[in-house]
Structure formats: structure tokens, C-alpha cells
Amino acid sequence: MQSSLNGAGPAQHAAFVPLPPARVIAEAHERSRSFGLLRHASADLQPLAADALAWTVARNEALCAHAVPVMETLSAQIAGTQSMVLLTDAQGIVLHALGDEEFLGRAQRVALRPGGTWSEQSKGTNAIGTALALGDAVQVNGDEHFLAANQFLTCSCAPICDPQGQVIGALDVSGDRHQQSAHTLALVRMSARMVENHLFGKVYEDAVRLRFHARPEFLGTLVEGLAAFTPEGRFLAANRSGQFQLGLSSNAMQAQTFPSLFGMPMSALLAHARSATPQPLRLALPGGVVVNAMVEFRPRGASALGWMPDAAGAADGVSGRGPLPSPDRQAPERARGQGQRTGQEPGPGQAVPLPWARPAGAMPGGRMSGLRYLDTGDAQLAQVLDRVSRVLGSDVPMLILGETGTGKELLAQAIHQDGPRARGPFVAVNCASIPETLIEAELFGYEEGAFTGARRKGSVGKIAQAHGGTLFLDEIGDMPLAMQARLLRVLQERTVAPLGSARQIPVDVYVLCATHRNLRDMMARGLFRDDLYYRLNGLVVRLPALRERTDLRVIVQRLLQAQDRERAAGAANASGHASAPGGWPRPRGTGPLRVSARAMELFLAHRWPGNLRQLSNALRTAALMAGDAQEIDIDHLPEDLFDAEDPSAPAAPLPTGGGSSGEAMDSAHVRREVAAPAAAAAAPAAPAPSAVRSWDETVEDALRHALSVHGGNVSAVARALGVSRNTVYRRLKAMNGTPSAH
């Protein structure tokens, strides 16, 4: 058995004294016995269920993404040695395995496969469990394993730490005990260090990063020190080699700054980073050791770190930063012309140009955006926004659930606008609206001649268009199964291959998904992939239906304001009363529209099966009907607005107030309602001419009777009389809507 460091843990820095192998094994065996394990007892060979394993892999997405390429290299180095390479999480659960096929069969008999658990609590002394317990690389050979069933193995394992020094997984090589080699542990340790350095670079890719070592030839190797700082100079993190060279623990360095550690002003370091061809620096460490260093500072324009610019793109004034581009309101239109949305697209594989930052809360076309803007007072929605804000800027995937029209894309736009990718493109794809035969080309793009009818120069897919930004997959539940498999591969490998091409294009996208379907039910019926589901549902939020919300009045006001801005924008680009796209031709000088109290009562009573989309369209139509009026009243509402309401819905409150008479109900409709009660009675004698009632009185009596029969349910009354609900309300308005009306 070999051990590289003592058991102080990966976050410590000082002189690491190797423990005697016999002592390490003895202590590990003692822990195994304390867990209640017996050396000759049968091991727990039951792996995780497929859905639990898929969820575990999804939770460790970043670890897998950076470790799997390293595993493939390591596997090639040990090929033909009756061995395998394994990646585990911090609990010892195997996430991924590669190796010689002949040995894989033997390994599976002891659960050395994905889903198997190799903690000391489960398998006793073994390289994976013991390395995780010690926070140190170890090799366990043959009968050093606690369980007799595992003593045919030789295993070398090194833990993998995040930039804060916390163990997040382990890399292991296991093989036949007769093939053991002291060099294997060194290979594993180097590979784990490579994964850690990759993770460090990814986490702090927007920070000021320093690479340093006392010997210049070691810069760019696995043994170089890495340290990350904010542009102000505050220390963020250092890798293991960096901690060792600085002679400080991770905790001790949290109070340090770049000047206190390296003796140079931060402004000088940033000036050096901005030079055209920066040369290595000579810096003095606190202990007097002089190191060679290279500085890197290439922020992408926004970051999850709190010191970077906000979503509006305002400069934060930190030293060493050049001025950011000023907000450009026309940039989204230019970006569309450059292929970001529609229109002319860049060639396959080309980078998609990113727009400048937009003003806070603004989106193209005046649409509502920003999480704070969406908070209109409803408690359910406020809880959703709070949960979303807690993971904003992380790589945690989000799945938005809700009925059609509840504002899923609006929330996705706000997440993008408030997140670190606000300067990148927001590309929305409705998976339900694209024919199954075209969705592959639409998402992944294609090369010239990939299929009949393909564009001459090919096409960039939506995934590549979203590079550097957010890809919003609406109605993900409608994506065909074959495309689900391809999408999963893209999400895992961060590359996309256009149709007709063998090359892989790297993509950096944050994926948001939404659906109104029950994905768990679809999984049970085999219509949605389990592994894709667990990859996408890091945080699941459900948007309440409009009928469940308490902020309808505010929503109506916001929608009218947004539509009024559209109208104003159209007026600025057109002459006379020509309407803007999506606007309406209200006369100039007309103030903002309001909704009358009577109409608002109807809105509050309506169930809104189409949710926000239905409300927005109803207001747009009503605004057209209102003309130059100052408010939308019942007369302006679309005729069929309430026709589709559920007959079992609660009765709507009857509006009150005076007004002129609406259109009369057709006599056939009146007869339809009054004929049934009359049918059971004997035909009355012909009335005297003086007893004949007026038309209005007859209509009003029929309406009162229908209201009484249907318990005041206006929807049911309208259906019984064969008229629209608006017609009923107009007649009630003419009758002053008194309680005696029903």
C-alpha cells in the first residue's frame, strides 16, 4: 500500500509527511470493522437504480465533463494491463468506467461499475473509499482490501478537489493484483491534478489568474501554481501547488490580496495583462522565494462573480478594467442581421457575434423582462422568482413547468437578462412548432449538400447560434426521442456536429427548458428519456396559472403599458395613423388606456384558460375597438372571449351601473329558453291586445328566467339562449344589472 500525503486533507499546505503503509491499512481496517463489516461476508453488490444513477451523474455534470477526457487518455496509457479507469463522486458512487473488456466482466461481479458504491462504509478498505476518507491518493493491493471478495484487485486512487479544496470525487485505476505497478499511482495522481486544474480554469475563467513556479520550465505543466484574484486584487482561490508554494493554507489566504502575496500593485499586474505580448514576471513570495509568473485576464463580459458588471452592462469602476461599451439600443437589430436570430446566418462553425448589453429591464420590442420586473405582487410567483434567483449564474439547469400561456418564455428571458450571459444571444426554440423531419437540421445545423433542398452554404443550427448565451427549448416534451439522444450528447460533450459534417464544433450554452406536459408520466410510457430528464431538472419551478394569481390588475396595467410603448414606437417610424407591427392605430395624443371597473370585474371572474397569452390578445383587440376612448369597457371586449368557459365554473359577478341598450337578442333565442317551461303547461288563452308586452320586456323576462334557472351562471345562460356572454352583459347593462334581474 502506498500513500502520498498524510491525512490532514487536501486543503492543508504544510509539509506532508507520508504515513507508514501498515498504519494506514490498520486504521482503515479498524474503520471497516466499526462499520459492522466482516472480512468474509458478502459485499453489497446492488448498484443504484437507473434513474438514481442518472440523477447522480447530472448533479456531477461539471466533474464528468472535465474528467472523462482525462480518463480516456489514462485508459489509453494502461491499455492491455487487465485494468479499468473509474470516476466516482464524493460518496464513492461510480459515475463512469472505461477499461479492458476482459477485465470489465470480472469487475462487474464485485460492483466495480457505474452505480456501484465504493465508500469504506460499503466495501471496507479499498483505494476509492480510503482515498476519499483520507483526502489523499492511496494504492491498495490484494489482501490489503478488507473484504475477501475484493482481494483479487490492485487499486490506485486520487481524490479530486474543487478550487476551494473540497473533495468532489475520485479518479481510480483498478486491475488484477498480479499486474500491480508503483507507477500507476503516479499516473492517477497526475490525472486527478489535471482535472483539478481544468476545473479551476473553468470556475475562474473571468477572474485574474496567475500561473507561477520557481522554475520557468514548469510553467504550463501540472505542477505550476494557480491563483485567482478579483480585479481589485482580492484573493479568490489557489490550487494545491499554489497553496504549497505560497506556504499558506486555503483559510489563511482568504484574508490576503495580490499585493500582500506577491509584492506588486494590482494596477501594475492588470497593465501587464493588457500588453500585446506579456512576458513572464518575476515576483517575490512572502517567504522570499522568487517565482516566474504569467497573468491571464480575459473576461467574457459578464460573470457569475459578484464583482463583474451587472446585466445592464454598466461599468463597475474597478481598477484595471477598460471602459465597457455603452448600451446600444439598436444592437439587437444589428445582431439579427448578423445571424443571431433570423435573417442572414453566419457560416457553419463560425462564432455567432454577441450583442452589446441592453438597458436593464429592456428587451427587443419592449417586452417585459428582468426577474424584479416580473414580480407583480403574487405570492406564488414571488416564491418562484426567489428560487430562481438563488441559482442564477450557476450551471444548475432549470426546467420551467406551467400551462400554455403562463409566461414560461418570459421567465426564461428574465433569467437570461439577469444572468452572467446577458450579453450573449437568447435563442428560443419551440420544439412543438417544428416538423419532426426538420427539427434535427433546425437545432444542429447542416453542411452544404447535407440533404435535398439544403441551402447552398449550409446553415448554423440554433444550438450554435446560442453560443455564449442561452438556449431556451420550449415544449421540450414534444421533442422526438431520437433528437433527445442527440441533445443529451451535446449537453454532455459541449460540442455539436452539423448534419453532413464529421467535425465537432465546441459550444458554450446555458440550456433552459420548459413544458406544459407531465414529463414523469412520459418517462413511464417511454416517450421521454430518463437520462435527459435528470440532466435538465436541476431546479424545477412551476408558474401559476393566471386564474390562480392575485395580481391580475397589475398584469393588465403592465400589458397595456407595453402595448402603448409598441404603439409609440410604431408612430415614430410611420406617418399619420399607420400602425406598428403588433401595435394598434390609436389617434395621436390619446393617453394610456385604462380598463373600466365593470370590465375588470369580468376579468377577475374569468378563468383565462389561455392565461397571459389570452389576456394580452384580448386587451390588444379591445384597444382597437376602444378607438379614442380613454378606457376599455365591456362593449369593447371580443365577442368570443367568454364563450369557451367551463359550464361548471362559478357564476361570474353581475356588473352594475347604467348604460345604453345593447343589441337585442334574437327572438328565436328567447323562444328556445322559454319554450321548455311552457311546454308542460296548457296553452294559455290568446291574450288581449292590451296585454301584449313590449319586446324589451319579453327579452328581459326571458333573461331573468334563464338567470334563475342557471343560478346566475352567465356562461350557462349565454349557451342556453344561443348568444355570446357579451350580449348577455350588454342586456344586463341596459337593465342596470339590478339584483332583481335574477
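Just above, that's the structure.
The rules behind these values
- Residues numbered from 1 in each chain as written.
- Predicted model: local features only at pLDDT ≥ 70, side-chain atom pairs only at ≥ 80, totals over all residues.
- Heavy atoms only, no water.
- Helix = DSSP H or I, 4+ residues; strand = E, 2+ residues; numbered from the N terminus.
- Buried < 20%, exposed > 50% of the residue type's maximum accessible area, 1.4 Å probe, protein only.
- Contact = heavy atoms within 4.5 Å.
- Areas by Shrake-Rupley, 256 points an atom, 1.4 Å probe, with all protein chains shown as cover.
- Expected span 1.5 Å × (residues − 1).
- Salt bridge = Lys/Arg side-chain N within 4 Å of Asp/Glu carboxyl O.
- Pairing = 2+ DSSP bridges.
- Axes fitted to C-alpha atoms, helices over the stretch in contact; angles between N-to-C directions.
- Polar contact = N/O pair within 3.5 Å; in protein donor to acceptor, adjacent residues only side chain to side chain.
- Core = buried A, V, L, I, M, F, W, Y, C linked by side-chain atoms within 4.5 Å.
- Parallel < 35°, antiparallel > 145°, perpendicular 65-115°, else oblique.
- Left-handed = near helix turned anticlockwise from the far one by under 90°.
- Nonpolar A, V, L, I, M, F, W, Y, C, P; charged D, E, K, R; others polar.

Q: Any chance you could break down the overall build of the protein chain for me, citing the residues and the numbers?
A: Secondary structure assignment for the protein chain yields 27 helices and 20 strands. Residues classed as buried in the protein chain amount to 51% of the 742 residues present. Within the protein chain, residue pairs in contact and separated by at least 24 positions form 68% of the contacts whose partners lie at least 6 positions apart. Surface accessibility of the protein chain: about 33,000 Å² in total, with carbon and sulfur atoms responsible for 53%.

Q: Please provide a residue-by-residue account of helix 7 (residues 182-203), values included.
A: An ideal rise of 1.5 Å per residue puts 32 Å on 22 residues; helix 7 measures up with 33 Å between its terminal C-alpha atoms. Of all the residues in helix 7, the buried ones are Thr184, Leu185, Val188, Ser191, Ala192, Val195, Glu196, Asn197, Leu199, Phe200 and Gly201.

Q: Quick one: what's the story with the pattern of salt bridges, residue by residue and with numbers?
A: For the coordinates displayed, the defined rule picks out 21 salt bridges. In this structure, the salt-bridge partner of Arg517 is Asp478, at a minimum N-O distance of 2.9 Å. In this pair, Arg517 is assigned in the loop between strand 17 (510-515) and helix 19 (519-524) and Asp478 in the loop between strand 14 (470-474) and helix 18 (481-493), connecting sequence segments 39 residues apart. For Arg517, a relative accessible area of 36% corresponds to the partly exposed category. Given a relative accessible area of 25%, Asp478 falls into the partly exposed group. A network of salt bridges, in which partner residues are shared, links Arg209, Arg211, Glu224 and Glu296.

Q: Just give me the short version of the pairing of strand 4 (residues 138-141), but keep the residues and values in it.
A: On strand 4, burial covers both faces: Val138 and Val140 on one face and Gln139 and Asn141 on the other are all buried. Two elements, strand 4 and strand 5 (residues 153-161), share 4 bridges in a ladder whose sense is antiparallel. Residue pairing for strand 5: Gln139 is matched across the bridge by Ser156.

Q: I'd like a description of the sheet that holds strand 14, backed by residues and values.
A: With parallel pairing, the 5 strands of this open sheet are ordered in space as 13-14-17-12-18. For this open sheet the edge positions go to strand 13 (426-430) and strand 18 (539-542), each flanked by a neighbour on one side alone. Averaged over all neighbouring strand pairs, the angle between strand axes comes to 20°, with direction disregarded. Two elements, strand 12 (residues 398-401) and strand 18, share 4 bridges in a ladder whose sense is parallel. Across the sheet, residue Leu399 finds its bridge partner in strand 18, namely Val540.

Q: Describe the environment of Gln465, with residues and values.
A: Here Gln465 is to be found in helix 17 (residues 462-465). Take Gln465: its relative accessible area is 1%, and that puts it in the buried class. Among the polar contacts listed, one links the side chain of Gln465 to the backbone oxygen of Val460, at a separation of 3.1 Å.

Q: I'd like to hear about helix 15 (residues 408-418), residue by residue, with values.
A: Counting buried residues along helix 15, 9 of its 11 residues qualify, which places the element largely inside the surrounding structure. When we look at burial in helix 15, the residues that qualify are Lys408, Leu410, Leu411, Ala412, Gln413, Ala414, Ile415, His416 and Gln417.

Q: Which residues make up the sheet that holds strand 7 (residues 208-213), and what values go with them?
A: Pairing within the open sheet is antiparallel, and its 5 strands lie in the order 9-8-7-11-10. The open sheet terminates on both sides in strands that have one partner only, identified here as strand 9 (235-238) and strand 10 (281-284). Within this sheet the neighbouring strands show an average axis-to-axis angle of 35°, counted without direction. Of the strand pairs in this sheet, strand 8 (residues 225-229) and strand 9 are connected by 3 bridges, and their pairing is antiparallel. Paired with Ala228 across the strands is Ala237, a residue of strand 9.

Q: Give me the nonpolar core: which residues, what numbers.
A: Core analysis: the largest hydrophobic core is formed by 35 residues, its most contacted members being Val556, Val595, Phe603, Leu615 and Leu619. Of all the elements in the fold, those that place two or more residues in this core are helix 21 (552-573), helix 22 (597-605), helix 23 (611-626), helix 25 (695-709), helix 26 (714-721) and helix 27 (725-734). Dropping the residues within four chain positions of it, Leu619 is found in contact with Val556, Leu559, Leu560, Gln563, Val595, Phe603 and Ile632. With 34 residues, the next largest nonpolar core counts Ala54, Ile476, Leu488 and Met522 among its residues.

Q: Tell me about the pairing of strand 3 (residues 94-99), and name the residues and values.
A: Sheet topology places strand 2 (residues 83-89) next to strand 3; 5 bridges connect them, and they run antiparallel. Within the sheet, the bridge partner assigned to Leu86 lies in strand 3 and is Ala97. Between strand 2 and strand 3, which follow one another and run antiparallel, lie 4 residues, and Gly92 among them has a positive phi close to 85°.

Q: Any details on the environment of Leu185? Residues and values, ideally.
A: Tracing the sequence through the fold places Leu185 in helix 7. On the basis of relative accessibility, which here comes to 2%, the residue Leu185 falls in the buried class. Along the primary structure Leu185 and Asp172 are separated by 13 residues, whereas in three dimensions their C-alpha atoms are 8.9 Å apart.

Q: Describe in detail the packing of helix 3 (residues 61-77) against helix 7, supporting the description with residues and values.
A: As a packed pair, helix 3 and helix 7 sit with axes 9 Å apart at the nearest point and diverge in direction by 150°. Classified by the angle between their axes, helix 3 and helix 7 sit roughly antiparallel to one another. In the packing of helix 3 onto helix 7, the handedness of the crossing is right-handed. Where helix 3 abuts helix 7, its residues Ala62, Leu63, His66, Ala67, Val70, Leu74 and Gln77 lie against Leu187, Val188, Ser191, Met194, Val195, His198, Leu199 and Lys202. Residues of the contact of helix 3 with helix 7, tallied by class, amount to 10 nonpolar, 4 polar and 1 charged.

Q: Please provide a residue-by-residue account of unusual backbone geometry, values included.
A: A positive phi angle is found at Arg494, which is not glycine, with a value near 60°. The residue Arg494 is located in the loop between helix 18 and strand 15 (495-496) in this model.

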